[in-house]
Amino acid sequence: MAPVRPAARPAAPVWPAGRASRSLVRPYARTGGRTHSAHDLALEALISTTDQGRGQTSSLPTEYRLICELCHDTHSIAEIAAYLRLPLGVVKVFVGDLADAGLVLIHQSSLIQGDPSAREFMERVLQGLREL
């Protein structure tokens, strides 16, 4: 009987340029001990790089530069964390810093819990998922 080999691991999300942050540094050390951003960022908040952010990436620390480069196309907080393999809390702090510096724009959802338009939106999303 042939030996059983473990199944191949599924491919992890890789940053578009093939680079991912694989540091052994603790998340709180990366953010200078900060655990929250001044911005209330939802996981689905969309982030895009400003014109100013497109021009200043070479002088930024690695994680900030990667976020600016990734967000030339709009991505959510959750996507950024997945692509860069960083904890969500760290990404929220970094994005907050970049937003304060005017290097990225935060596009928050305007839906409010209990708002009738929020319910209609969620019903459309649910219907779209069912059609997949």
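Residues numbered from 1 in each chain as written. Predicted model: local features only at pLDDT ≥ 70, side-chain atom pairs only at ≥ 80, totals over all residues. Heavy atoms only, no water.

Caption draft 1: Looking closely at the overall build of the chain. Counting its secondary structure elements, the chain contains 6 helices and 3 strands. Listed N to C, the secondary structure of the chain is α-β-α-α-β-α-α-β-α in terms of helices and strands. Long-range pairs, those at least 24 residues apart, make up 73% of the contacts in the chain with a sequence separation of at least 6. Total accessible area computed for the chain in this model is approximately 9000 Å², and 56% of it derives from carbon and sulfur atoms. (Helix = DSSP H or I, 4+ residues; strand = E, 2+ residues; numbered from the N terminus. Contact = heavy atoms within 4.5 Å. Areas by Shrake-Rupley, 256 points an atom, 1.4 Å probe, with all protein chains shown as cover.)

Caption draft 2: View of the packing of aromatic side chains. Counted by the stated rule, this structure contains 1 aromatic pair. For the pair Tyr 64 and Phe 94, a centre-to-centre distance of 4.9 Å together with 55° between the ring planes defines the contact as tilted. Of this pair, Tyr 64 sits in helix H3 (residues 62-70) while Phe 94 sits in helix H5 (residues 88-100), placing them 30 residues apart in sequence. For the pair shown, Tyr 64 and Phe 94 are each scored as buried. (Phe/Tyr/Trp six-rings, centres within 6.5 Å; stacked < 30°, edge-to-face > 60°. Buried < 20%, exposed > 50% of the residue type's maximum accessible area, 1.4 Å probe, protein only.)

Caption draft 3: Broad picture of the nonpolar core. Within the largest apolar cluster, 23 residues are counted, with the highest numbers of intra-cluster contacts made by Ile 67, Ile 80, Val 95 and Leu 98. Within the residue set of this core, elements represented by two or more residues are H3, helix H4 (77-84) and H5. Among the elements that make up this core, the one with the highest residue count is H5 (6 residues). (Core = buried A, V, L, I, M, F, W, Y, C linked by side-chain atoms within 4.5 Å.)

Caption draft 4: Here's a closer look at the sheet that holds strand E1 (residues 46-49). Taken in spatial order, the 3 strands make up an open sheet running E2-E1-E3, and their pairing is antiparallel. Pairing within the sheet leaves two strands with one partner each, and these edge strands are strand E2 (75-76) and strand E3 (104-107). Sheet analysis places E1 next to E3, joined by 4 bridges and oriented antiparallel. Within E3, the residue paired with Ser 48 across the bridge is Leu 105. Contacting E1 and E3, H5 runs over the sheet at an angle of about 115° to E3. (Pairing = 2+ DSSP bridges. Axes fitted to C-alpha atoms, helices over the stretch in contact; angles between N-to-C directions.)

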